[in-house]
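# Fold and geometry: a report
This is what each chain is made of:
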Amino acid sequence: MWVRMRFDIGWSDIAYGISATGRPLDRRRLEWEIRHYWTQPEQMFPCLSVRTGFDLFWSVVGLPAGSEVLMTALTIPDMPRIVAHHGLTPVPVDVEPGTMAPRLEMLEKALSPRTRAMVVAHLFGVIVPMDPIIEFARRHGLLVLEDCAQGFICRGYEGHPESDLVMFSFGPIKTATALGGAVMRVRDPHVLRQMQERHSQYPPQPRRAYLKRLLKYATLKAACSRPICDVVIATCRMAEWDHDQMISNAARGFPGPGFFQRIRHQPPDPLLAMLVRRLWNYDESRLQERIDRGNYLVRLLPPDLERPGNRAQTHSYWVFPILTEEPAAVIAALARAGFDATSRSSLRLVPTPENRPELHPALSQALLDRVVFLPFGLEIPPRALRRMAEVLAGLNNRLTRQPLEQMLPPAPEPMHV
Ligand SMILES: *Cc1c(COP(=O)(O)O)cnc(C)c1O
């Protein structure tokens, strides 16, 4: 089976991390090295996770309660949860599946006198062009935040220079993972200083928590490697465990109760050491190769297929989603041919405020209903991609080929009283 779950980290990195948990480390030096990886070191701020930095930002900017935050309608559920925790209202902005960009007409529609900020998520490896969004934000005096958790392409994209907060994640399933950690870019030095001050009062996460994490992901990495994964999947089948569910759970960052208490920690020193190593040693040719592989798979698929991001200008194929009218049938057919695809995504819709049903993100919902993630990555050789494309060609009539926009019922005319 070609599994979809892969961890972008080598055994030597994991060994390095384990040894780092038993060594004295110079924290200030490590932070300096992380900051100096980026073009504007003075704006950079390493922390435990994107969610930690996102939460800190709202604590510091202190928007009035009830302020509205426009958000890309698809994201991990913790992001709107954090916004709401600060007394703010998350408001979804529907995406255009072809470009994965927020639809500008929906931005206009979602705007209200209480709107203060906008969070743009770059999903699946697509980088959304920010100029029109920055222009919109400037016109309406909004803060702009960029969630680059799925869009890290080394120094190929560091966020729009005018964005107020740009977030990069090095969590377990992310590109160049350090099995945790994140880097924020904060434009306003005053906000940055306040974030750092508040952060310095957080308790540091103990080193042994990071050691446990390293061991957990070493086990998972081994379990996902061929041919061990075949045994694991066969065992799951016999025991009637859902391996798909197990993979999704394993990838989740801060499960269980006490969420805010868990994210409000400083990263342990060995995690920072790992982050330094991953940033400075990451082989950028891997990224180019991933992009080439992605473009190769695109050429193998029927040309009129609709895919999230198929009209994107910049796509690094962090994942490879397709759309189908019958996800279960497509996943089953791929599994029979040895390909572990899934429709399970960590993304959810940002909830629509009750009093504004017209903002329901219909295209994002249509995308979630149809999406299937193909197994994809550098471990999968071109011949396996060709085989997978053959299987998909046989399922041709089940794949989505019309832009989702055209499949929606026309919007009802607004009622005039
Ligand atoms: C992974 C992810 C996050 C969270 O990153 P952490 O560093 O794990 O907090 C946020 N947003 C998106 C879109 C993600 O994919």
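Residues numbered from 1 in each chain as written. Predicted model: local features only at pLDDT ≥ 70, side-chain atom pairs only at ≥ 80, totals over all residues. Heavy atoms only, no water.

## Focus on the site of the ligand
Where we set the bar: Being near a molecule or strand, for a residue, comes down to having at least one heavy atom within 4 Å of it. N or O atoms closer than or at 3.5 Å make up a polar contact, with two conditions inside protein: a donor-capable atom paired with an acceptor-capable one, and, for residues adjacent in sequence, both atoms drawn from side chains. Note that accessible areas follow from Shrake-Rupley with a 1.4 Å probe, and for residues the cover is restricted to the protein chains shown. Classes in brief: Ala, Val, Leu, Ile, Met, Phe, Trp, Tyr, Cys and Pro nonpolar; Asp, Glu, Lys and Arg charged; the others, Gly included, polar.
Around the ligand, the neighbouring residues are Ser49, Val50, Arg51, Ile76, Leu123, Asp147, Ala149, Gln150, Ser169 and Lys174. The separation between an oxygen atom of the ligand and a polar main-chain atom of Val50 is 2.8 Å. Here an oxygen atom of the ligand and a side-chain polar atom of Gln150 are 2.9 Å apart. For the ligand, the protein covers 92% of the area, taking 390 Å² as the surface of the free molecule. Within the shell around the ligand, the residues separate by chemical class into four nonpolar, three polar and three charged.

## Some thoughts on the sheet that holds strand β4 (residues 89–93)
Condition: Two strands are said to pair when DSSP picks up at least two bridges between them. Secondary structure is summarised from DSSP: a helix means a run of H or I of at least four residues, a strand means a run of E of at least two, and numbering begins at the N terminus for each. Between N-to-C directions, angles span 0 to 180 degrees; the directions come from axes that are lines fitted to C-alpha atoms, helices contributing only their stretch in contact.
With mixed pairing, seven strands are arranged side by side in an open sheet as β1-β11-β10-β9-β7-β2-β4. The open sheet has two edge strands with one neighbour each: β1 (44–47) and β4. Across the sheet, the mean angle separating the axes of adjacent strands is 20 degrees when strand polarity is ignored. In this structure, strand β7 (residues 115–121) lies alongside strand β9 (residues 143–147), joined through five bridges in parallel fashion. Bridge assignment links Val119 to a residue of β9, and that residue is Leu145.

## Quick word on helix α3 (residues 50–61)
Going by this rule: Expected helix span is given by 1.5 Å per residue-to-residue step, counting one fewer step than there are residues. Partly exposed describes any residue whose relative accessible area lies between the buried limit of under 20% and the exposed limit of over 50%, with all areas from a 1.4 Å probe on protein chains only and scaled to the type maximum.
Compared with the 16 Å implied by 1.5 Å per residue over twelve residues, the 17 Å span of α3 between its first and last C-alpha is a close match. Burial analysis of α3 places ten of its twelve residues in the buried class, which makes it a mostly covered element. Three or more residues of α3 are buried, namely Val50, Arg51, Thr52, Gly53, Phe54, Asp55, Leu56, Phe57, Trp58 and Val60. A positive phi of about 55 degrees marks Gly62, the residue just after α3.

## A few points about the side chain of Ser163
We apply this condition: We call two residues in contact whenever any of their non-hydrogen atoms come within 4.5 Å of each other.
Along the chain, Ser163 turns up in the loop between β9 and β10 (165–169). Not counting residues within four places of it along the chain, the set of residues in contact with Ser163 comprises Met130, Ile134, Val144, Glu146 and Arg187.

## Quick word on the domain arrangement of the protein chain
One frequently used descriptor of interface size is the decrease in accessible area upon assembly of the parts. What counts, and what does not: Boundaries between domains were set according to an automatic or database domain assignment. In the sections that follow, a salt bridge refers to a side-chain nitrogen of Lys or Arg positioned within 4 Å of a carboxyl oxygen of Asp or Glu.
Per the domain assignment, the segments of the protein chain are domain 1 (11–200) and domain 2 (212–252 + 283–406). Each of domain 1 and domain 2 was reduced to a C-alpha centroid, and the two centroids are 24 Å apart. In this complex, domain 1 contributes 48 residues to the contact, which on the side of domain 2 involves 45 residues. Here domain 1 is connected to domain 2 by one salt bridge. Between Glu68 and Arg356 there is a salt bridge, with its nearest N and O atoms 3.1 Å apart.

## Thoughts on unusual backbone geometry
We note that Phe124 has phi near 70 degrees; this positive angle belongs to a residue other than glycine. Along the chain, Phe124 turns up in the loop between β7 and β8 (126–127). Here the phi dihedral of Tyr317 falls at roughly 50 degrees; this positive angle occurs in a residue that is not glycine. Looking at the element boundaries, Tyr317 is found in the loop between β12 (314–315) and β13 (320–323).

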